[in-house]
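Summary of the model geometry
Residue-level listing of the chains:
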Amino acid sequence: MRVAIAQIAAIKGNIQKNIENHLKWIKLAIQNNAGVLVFPELSLTGYEPELAKILATNQDDTRLDEIQNLSDRNGITIGVGLPTKDERDTFISMIIFQPYKERITYSKQYLYPPEQPIFKAGKNPLVLNIETEVVSPAICYEISNKAHCEFAKRNKATLYIASVLSSINGIDDDMKKLSDIAKNNNLVTFMANYVGESGGYKCAGKSSVWDTTGKLIGQLDGETEGILIYDTETKEIVKKTA
């Protein structure tokens, strides 16, 4: 199976324009036979906590229907970032589209401390069975919480895919954490990050893949939008940039 991560620049708070950009990269992933594609944290709005309550929606938002259609027609699982809400609370979520299945909302369980006044922690730990792989999705600060990767390991995950915003000041620390997660848990590990600016941060890009020894085996640059693809059978790395 081919697993892809997208590295994008977000347009602040503009869900429709960000969807249009997502569709471009989804179609490129499909052209390259990807079975999974994951975008950065809150990718459809940018990482903009102060706008989250205004922009928050849910997995059934009809603006997302074209993403579902591409999933259905092409057999690809897609994870996009979006603030979601219920009657009382707002969450940092990943909406997961699977072919001809109900959408899944995975909400960030371990919040970065400044996020806690705005967002509620999710309570839905998750792994996904996709073809021959077991995929554990992670959202940014979750990579700092040992319990998150331990859940993945207990549930026989083979792939750990982190959807993040990592700044130029934080990227080295985040890459070290993800390399350690790969090595200590025998997981092929991925990081999908932004380029450009979001939430007041200068984003570092460098979306990456590590093998089960913690070795960095693929990486995009720090400035260019693109997708990075890893083939779980051949171990091939494919880079496609704008």
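Below you will find a few notes about this structure. Since the model is a prediction, treat every value here as computed from it, not as a measurement. (Residues numbered from 1 in each chain as written. Predicted model: local features only at pLDDT ≥ 70, side-chain atom pairs only at ≥ 80, totals over all residues. Heavy atoms only, no water.)

**A few points about a nonpolar patch on the surface**
A grouping of Tyr112, Tyr141 and Tyr201 is seen on the molecular surface, where their side chains present a nonpolar patch of about 250 Å² in accessible area. Residue Tyr201 is classed as partly exposed on the basis of its relative accessible area of 32%. (Patch = residues over 30% accessible without salt bridge, like charges linked within 9 Å, V, L, I, M, F, W, Y side chains within 5 Å. Areas by Shrake-Rupley, 256 points an atom, 1.4 Å probe, with all protein chains shown as cover. Salt bridge = Lys/Arg side-chain N within 4 Å of Asp/Glu carboxyl O. Buried < 20%, exposed > 50% of the residue type's maximum accessible area, 1.4 Å probe, protein only.)

**A few points about the layout of surface pockets**
The gaps of empty space that remain are located by a probe, the size of a water molecule, rolled over the atoms. Approximately 300 Å³ is the volume found for the largest pocket. For the largest pocket, the lining is made up of 18 residues, of which Tyr112, Cys140, Tyr141, Leu165 and Asp174 are closest to its centre. Among the elements that line the lining of the largest pocket, the one with the most residues is helix α5 (residues 171-185), at three residues. Partitioned by chemical class, the residues of the lining of the largest pocket number eight nonpolar, four polar and six charged. (1 Å grid on protein atoms, 1.4 Å probe; cavity = no way out; pocket = protein on both sides within 12 Å on 5 of 7 lines; lining within 4 Å. Points joined across faces, edges and corners; volume = space filled by probe spheres on them. Helix = DSSP H or I, 4+ residues; strand = E, 2+ residues; numbered from the N terminus. Nonpolar A, V, L, I, M, F, W, Y, C, P; charged D, E, K, R; others polar.)

**Focus: the side chain of Glu142**
Counting through the fold element by element, Glu142 comes out in the loop between β7 (133-139) and α4 (146-154). In this structure, Glu142 is buried with no salt-bridge partner, the nearest side chain bearing the opposite charge being Lys108 at 7.4 Å. Within the local environment of Glu142, its side chain forms a polar contact with the side chain of His148, the two groups lying 3.2 Å apart. (Lys, Arg positive; Asp, Glu negative; His and termini not counted. Polar contact = N/O pair within 3.5 Å; in protein donor to acceptor, adjacent residues only side chain to side chain.)

**Some points on the nonpolar core**
One finds Ile26, Leu37, Phe39, Tyr160 and Phe190 to be the most contacted residues of the largest nonpolar core, which totals 79 residues. Here this core gets eight residues from one element, more than from any other, and that element is helix α1 (residues 15-31). (Core = buried A, V, L, I, M, F, W, Y, C linked by side-chain atoms within 4.5 Å.)

**A short note on the sheet that holds strand β1 (residues 2-7)**
If you walk across this open sheet you meet the seven strands as β5-β4-β3-β2-β1-β14-β15, and the pairing is mixed. The open sheet is flanked by β5 (104-107) and β15 (237-241), the only strands paired with a single partner. Taken over all neighbouring pairs, the strand axes of this sheet differ in orientation by 25 degrees on average, direction set aside. One ladder, built from eight bridges, connects strand β3 (residues 77-85) with strand β4 (residues 90-97); its direction is antiparallel. By the bridge assignment for β4, Ile78 is matched with Phe97. (Pairing = 2+ DSSP bridges. Axes fitted to C-alpha atoms, helices over the stretch in contact; angles between N-to-C directions.)

**Examining the side chain of Gln7**
Its place among the elements puts Gln7 in strand β1. At a separation of 2.8 Å, a polar atom in the side chain of Gln7 contacts the side chain of Ser207. Here Thr224 takes part through its backbone oxygen, which lies 2.8 Å from a polar atom of the side chain of Gln7. Dropping the residues within four chain positions of it, Gln7 is found in contact with Asn193, Tyr194, Val195, Gly205, Lys206, Ser207, Leu220, Asp221, Thr224, Glu225 and Gly226. (Contact = heavy atoms within 4.5 Å.)

**Section: the pattern of salt bridges**
Tallied over the entire structure, the rule returns 11 salt bridges. Ionic pairing is found between Asp61 and Arg63, a salt bridge with its closest N-O pair at 2.7 Å. On the basis of relative accessibility, which here comes to 11%, the residue Asp61 falls in the buried class. Exposure remark for Arg63: the relative accessible area of 36% places this residue in the partly exposed category.

**Considering the packing of aromatic side chains**
Two aromatic rings, taken as a pair, are described by how far apart their centres are and by the angle between their planes. Overall, the coordinates contain three aromatic pairs when judged by the stated rule. Between Tyr112 and Tyr141 the ring centres are 5.6 Å apart and the planes differ by 50 degrees, which places this aromatic pair in the tilted class. With Tyr112 in the loop between β5 and β6 (128-130) and Tyr141 in the loop between β7 and α4, this pair connects stretches of sequence that are 29 residues apart. Overall, Tyr141 belongs to the partly exposed group, its relative accessible area being 30%. (Phe/Tyr/Trp six-rings, centres within 6.5 Å; stacked < 30°, edge-to-face > 60°.)

**Looking at unusual backbone geometry**
Among all residues except glycine, the phi angle is most often negative; among peptide bonds, the trans geometry is most common. Here Leu42, not a glycine, exhibits a phi torsion of approximately 50 degrees, which is positive. Position of Leu42 relative to the elements: it lies in the loop between β2 (34-38) and α2 (52-55). A positive phi is found at Lys235, a non-glycine position, where the angle reads about 70 degrees.

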